[in-house]
Amino acid sequence: MSGGGGGAAISGCVLLVGAGGIGAPAALALAAAGLRELRVADDDEVEITNLHRQILYDDDDIGRPKLDAFAEALRRRFPALRVDRRYGRFTPSSAAALLPGVSVVVDATDNFATRFLLADVCHLTRTPVVHAAAIRWRATVMAVSGAGGPCYRCLFEDLPTGDAPSCATAGVAGPVCGVAGAIAADRALAILAGDASVYGRIATYDGLADVLRSVPVAARPACALCGDRAAISTIDASRYVTACADGDRGGGAPSHLNTGDQDHG
């Protein structure tokens, strides 16, 4: 890949949360398609165990902040792409500063707390979001409209109790991350183009069987986020009880976001 992208410039800013195994291939696909503005949030450093799936990095990047290596690798391939680096996690306190000017969010995170936080924040700010995950040999991607359900909570309801499997504990096949990133980029590009057909479905990829499926997801009337009697109207840090909220638990005070009409392109 080289140059400024594969076609005409695509207007709009994508916020990519996570510069790892899903975020890297998603960014490559978005830039190759012509995206010109990418905002990326991450707080991690490159580790040797990342390299089999985080395809923008190599041995020389080990120990560096991911965002620095990420931006440099993209700039070499796509000089016209503007990469806005935001160091740190997506947390209840950082969310409001990360979203202004964003047309669509790509959730390339690796823990349930941040995924649910993203789902809630994006719904309350009416921002479209594409949730992408990969573990072992399976990838899942779901695009959610900023206008309402079905949302992430329609499908998964709330954070799991107890220890949930993660890439660190259960492992993940590198190519499966690539599939998740590619599908997430496809959904984000469709949203930027105004294609609403990507909402209300979840794509699943089984790497062992080499089967890709897309099935409809129904809005759940009792959903706490987008249902008829939705209970979630503010972002309360105490609701997100694992790693993403570590720096935001002091007192569990609600974080009020602008929930009025916004222009997200």
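Reading guide: rules and limits
- Residues numbered from 1 in each chain as written.
- Predicted model: local features only at pLDDT ≥ 70, side-chain atom pairs only at ≥ 80, totals over all residues.
- Heavy atoms only, no water.
- Pairing = 2+ DSSP bridges.
- Helix = DSSP H or I, 4+ residues; strand = E, 2+ residues; numbered from the N terminus.
- Axes fitted to C-alpha atoms, helices over the stretch in contact; angles between N-to-C directions.
- Contact = heavy atoms within 4.5 Å.
- Expected span 1.5 Å × (residues − 1).
- Buried < 20%, exposed > 50% of the residue type's maximum accessible area, 1.4 Å probe, protein only.
- Parallel < 35°, antiparallel > 145°, perpendicular 65-115°, else oblique.
- Left-handed = near helix turned anticlockwise from the far one by under 90°.
- Nonpolar A, V, L, I, M, F, W, Y, C, P; charged D, E, K, R; others polar.
- Phe/Tyr/Trp six-rings, centres within 6.5 Å; stacked < 30°, edge-to-face > 60°.
- Lys NZ or Arg CZ within 6 Å of the ring centre and 35° of its normal.

(A) Spotlight on the sheet that holds strand 8 (residues 211-216). The sheet built from eight strands is open, its strands ordered 3-2-1-4-5-6-7-8 with mixed pairing. Only two strands of the sheet have a single neighbouring strand rather than two, namely strand 3 (82-87) and strand 8. Across the sheet, the mean angle separating the axes of adjacent strands is 15° when strand polarity is ignored. Pairing analysis gives six bridges linking strand 7 (residues 201-206) to strand 8, with the strands arranged antiparallel. Following the sheet pairing, Ile202 is matched in strand 8 by Val215. Across the sheet, helix 1 (residues 23-33) is in contact with strand 1 (10-17) and strand 2 (35-42); its angle to strand 2 comes to roughly 165°. The sheet strands contacting helix 7 (residues 174-192) are strand 1, strand 2, strand 4 (104-107), strand 5 (129-135), strand 6 (138-144), strand 7 and strand 8, and the helix crosses strand 5 at an angle near 170°.

(B) How the structure looks around helix 4 (residues 112-124). The end-to-end C-alpha distance of helix 4 is 18 Å, a good match for the 18 Å that 13 residues give at a rise of 1.5 Å each. Most of helix 4 sits out of view: 12 of its 13 residues are buried. Those residues of helix 4 lying buried are Ala113, Thr114, Arg115, Phe116, Leu117, Leu118, Ala119, Asp120, Val121, Cys122, His123 and Leu124. Along its buried surface, helix 4 packs onto strand 1, helix 3 (95-98), strand 4, strand 5, helix 5 (152-156) and strand 9 (235-236).

(C) Just the packing of helix 1 against helix 7, in detail. Look at helix 1 against helix 7: their axes get within 7 Å of each other, and the N-to-C directions meet at 40°. Relative to helix 7, the element helix 1 is oriented oblique. The handedness of the crossing between helix 1 and helix 7 is right-handed. Facing helix 1, whose interface residues are Pro25, Ala26, Ala29, Leu30 and Ala33, helix 7 presents Cys177, Gly178, Gly181, Ala185, Ala188 and Leu189. Grouping the constituent residues of the contact of helix 1 with helix 7 by class yields nine nonpolar, two polar and no charged.

(D) Representation of unusual backbone geometry within the structure. With an omega of 0°, the peptide bond running from Gly149 to Pro150 counts as cis. Structurally, Pro150 can be placed in the loop between strand 6 and helix 5. Unlike most non-glycine residues, Arg126 shows phi in positive territory, near 60°. You can see Arg126 is positioned in the loop between helix 4 and strand 5. For Asp210, which is not glycine, the phi dihedral falls at a positive 55°. Inspection of the secondary structure puts Asp210 in the loop between strand 7 and strand 8. Taking the relative accessible area as the measure of exposure, Asp210 reaches 56% and is therefore exposed.

(E) Structural detail: the packing of aromatic side chains. Within this structure, the stated rule accounts for two aromatic pairs. A centroid spacing of 5.0 Å and a plane angle of 75° characterise the contact between Phe116 and Tyr152, whose relative ring orientation is edge-to-face. With Phe116 in helix 4 and Tyr152 in helix 5, the pair connects residues that are 36 residues apart, well separated along the chain. Judged by relative accessible area, which is 0%, Phe116 ranks as buried. According to the relative accessible area criterion, Tyr152 is buried, its value standing at 5%. Both rings, one in Tyr152 and one in Phe156, keep their centres 4.8 Å apart while their planes meet at 45°; by these two values the pair is tilted. Remark: Phe156 and Tyr152 occur in helix 5; sequence separation between them is four residues, near one turn of the helix. One aromatic cluster is present, built from ring pairs that chain together Phe116, Tyr152 and Phe156. When the ring centre of Phe112 is taken as origin, the NZ or CZ atom of Arg115, which lies over that ring, is 5.0 Å away.

(F) Structural detail: the side chain of Asp120. Along the chain, Asp120 falls in helix 4. Apart from the residues within four sequence positions on either side, Asp120 is in contact with Arg153, Leu225, Ile232, Ile235, Arg239 and Tyr240.

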